[in-house]
2 protein chains.
Amino acid sequence: MMKWLDEAGERFLAHISLDCVVFGWHANQLKILLLKVKNLDVLALPGGFVMQQETLEEAAIRTLQERTGVENVFLRQFRVFSDPLRSNPEDRARDLEMMGIGRKRAAWFAQRFISVGFYSLVDFSKVDPRPDMFSETCSWYNLEDRGKMILDHDHILQTALAALRMQLNHQPIGYNLLPRKFTLPELQKLYETILGKKLDRRNFQRKVFSYGILRSLDEKRTGVAHKAPYLYSFDLRQYQKALKLGLQGGW
Amino acid sequence: MMKWLDEAGERFLAHISLDCVVFGWHANQLKILLLKVKNLDVLALPGGFVMQQETLEEAAIRTLQERTGVENVFLRQFRVFSDPLRSNPEDRARDLEMMGIGRKRAAWFAQRFISVGFYSLVDFSKVDPRPDMFSETCSWYNLEDRGKMILDHDHILQTALAALRMQLNHQPIGYNLLPRKFTLPELQKLYETILGKKLDRRNFQRKVFSYGILRSLDEKRTGVAHKAPYLYSFDLRQYQKALKLGLQGGW
């Protein structure tokens, strides 16, 4: 870790960081992947810095891989966070001391960072998160019962959710969050969670079918108590085409 | 100008810049505000840097004021441009030489910049653009017949247009581009231009009225050859409310 800190100033561009809000979907709930910072009772989004010859997107992919072990993610920039006071220098100094990072080594972290927010969507069933050297744990949290978050990370998370809501009709969000096969009630629950409201079942199904983006699999969900629901998957070509127009049909 | 250059390293954060794509609407056409760089036969978006204690938004507002004289604008971040090769070092060195900026002084411009793109909407009739010390002219161009642009500014402009298209139902774009009073054909033309396609007149009017965002002014456009069309203005409260839901009604 000390080597990493000593080399940060040479490896990375000053003043620019990035933070990733990683969403997953499990048991009909939206989950978010957070790190518990070593020696601090606080959670953090997986974040990092930009190497001299990297794009932001490359830096975000590398950061997620290094800090959480998560690979092959869908990610999109959604906002830049640039409040000069987003990191309180006193709080920061105390945190770094508690993490056992000396003053000189902490200089890299003590500068002002403008942070580019990415949201990232992963298939929950396919990732196996593991913490990096700065973290005690790396695990999934429910949106409602996450704990205290470091810096302005709570604000970044809320803003990512708002972006997700706005882009639901323009980005392949369902495709990247759901497993390959899913039922209509599962898809509806995903939309309801992101939009933050109940949807009428019949209206929802009518709309979804009208876009022609679903492929019926002629296969049922097994192991459920009541009437077994049919499984569907996305017709990716149709889905991409519909997203281009905006799923609501446009003007 | 030399003083500005000598102090840039102290005043601004390294590696971070911003570029503004300023849209206006005039004579039923979408216009864009561009600077002609001194001694270079090339156009540029008004861009700038972030002072030590500024947010990005504050920096963008100040940059527009300093470089174009334009104030009171609506602006939104839309994307960060971070390709390490977005500025070709050789081209850059030649440009700076032609601008009469010596090598040592040019060091600030020669570093790698990650640029945050803002789109900005102004009421064409209310602004009086004027160039800054780096520019020969500051004027409005039609999208189709703008000239060669510096760096990746053409790409930034195209991306801003795509963002405008996507956000047409979520941001008060019509409100910020049109004069206070406008006719329905003018509003339709604005939508057609941004969306890049013809819209059916009756469908368009039915939709717009269904949102309740227009206030009929009981007043007609004068000085037109044929049947004089009625004037409208936006009901800002209703408009904001409708945008929150997304103008297409949502799910």
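Residues numbered from 1 in each chain as written. Chains lettered and ligands numbered in written order. Predicted model: local features only at pLDDT ≥ 70, side-chain atom pairs only at ≥ 80, totals over all residues. Heavy atoms only, no water.

*Asks:* Outline the overall build of chain A, supporting the account with residue identities and numerical values.
*Replies:* Tallying secondary structure elements over chain A gives 9 helices and 10 strands in all. The principal-axis extent of the C-alpha atoms belonging to chain A is close to 60 × 40 × 30 Å. Within chain A, the proportion of its 251 residues that are buried is 55%. Across chain A, contacts joining residues at least 24 apart in sequence account for 74% of those joining residues at least 6 apart. When the accessible surface of chain A is totalled, it reaches about 12,600 Å², and 49% of it is carbon and sulfur. (Helix = DSSP H or I, 4+ residues; strand = E, 2+ residues; numbered from the N terminus. Buried < 20%, exposed > 50% of the residue type's maximum accessible area, 1.4 Å probe, protein only. Contact = heavy atoms within 4.5 Å. Areas by Shrake-Rupley, 256 points an atom, 1.4 Å probe, with all protein chains shown as cover.)

*Asks:* Give a detailed account of the relation of the copies chain B and chain A, specifying residues and quantitative values.
*Replies:* Think of it as a corkscrew move, a rotation about one axis and a shift along it, taking one chain copy to the other. Between chain B and chain A, the superposition needs a rotation of 180° and an axial shift of 0.0 Å, giving an RMSD of 0.0 Å. This pairing of chains is accounted for by a two-fold axis. Looking at chain B, 100% of its interface residues are interface residues in chain A too, so the copies touch through the same face. (Least-squares fit on C-alpha atoms with pLDDT ≥ 70 in both.)

*Asks:* Which residues make up the domain arrangement of chain A, and what values go with them?
*Replies:* All names here are of chain A. In terms of domain boundaries, chain A breaks down into domain 1 (2–167) and domain 2 (181–245). Opposite the 5 residues of domain 1 that make contact, domain 2 presents 6 residues. Approximately 610 Å² of surface area, both sides summed, lies buried where domain 1 meets domain 2, with 72% of it carried by carbon and sulfur atoms. Among the residues domain 1 hides against domain 2, the three largest losses belong to Trp25, Asn28 and Arg165. Together they make up 71% of the total. Our enumeration of links across domain 1 and domain 2 arrives at 0 salt bridges. Linking domain 1 to domain 2 there are 1 residue pair in polar contact (both at pLDDT 80 or more). Class assignment for the residues of the side of domain 1 that touches domain 2 results in 3 nonpolar, 1 polar and 1 charged. (Domains from an automatic or database assignment. Buried area = accessible area lost by both parts, 1.4 Å probe. Salt bridge = Lys/Arg side-chain N within 4 Å of Asp/Glu carboxyl O. Polar contact = N/O pair within 3.5 Å; in protein donor to acceptor, adjacent residues only side chain to side chain. Nonpolar A, V, L, I, M, F, W, Y, C, P; charged D, E, K, R; others polar.)

*Asks:* So what's going on with unusual backbone geometry? Residues and values would help.
*Replies:* Residue and element names in this part refer to chain B. Residues other than glycine seldom take positive phi values, yet Asn39 does so here, at roughly 65°. Inspection of the secondary structure puts Asn39 in the loop between strand S2 (29–37) and strand S3 (43–44). Among the residues examined, Asn39 registers a relative accessible area of 49% and is labelled partly exposed. Positive phi, close to 55°, is recorded for Asp218, a residue that is not glycine. Mapped onto the elements, Asp218 comes out in strand S8 (residues 214–220).

*Asks:* Break down the interface of chain B and chain A for me, citing the residues and quoting the values.
*Replies:* Taken together, the contact between chain B and chain A spans 37 residues of the former and 37 residues of the latter. For the pair chain B and chain A, the two sides together bury roughly 3,100 Å², of which 66% comes from carbon and sulfur. On the surface where chain B and chain A come into contact, there are 0 salt bridges. Where the side of chain B that touches chain A is concerned, the elements lending two or more residues are strand S1 (12–26), strand S4 (47–51), helix H2 (56–68), strand S5 (74–81), strand S6 (114–121), helix H5 (153–167), helix H7 (184–195) and helix H8 (201–210) of chain B. Of all the elements, S1 of chain B adds the most residues to the side of chain B that touches chain A, at 4 residues. Grouping the constituent residues of the side of chain B that touches chain A by class yields 19 nonpolar, 11 polar and 7 charged.

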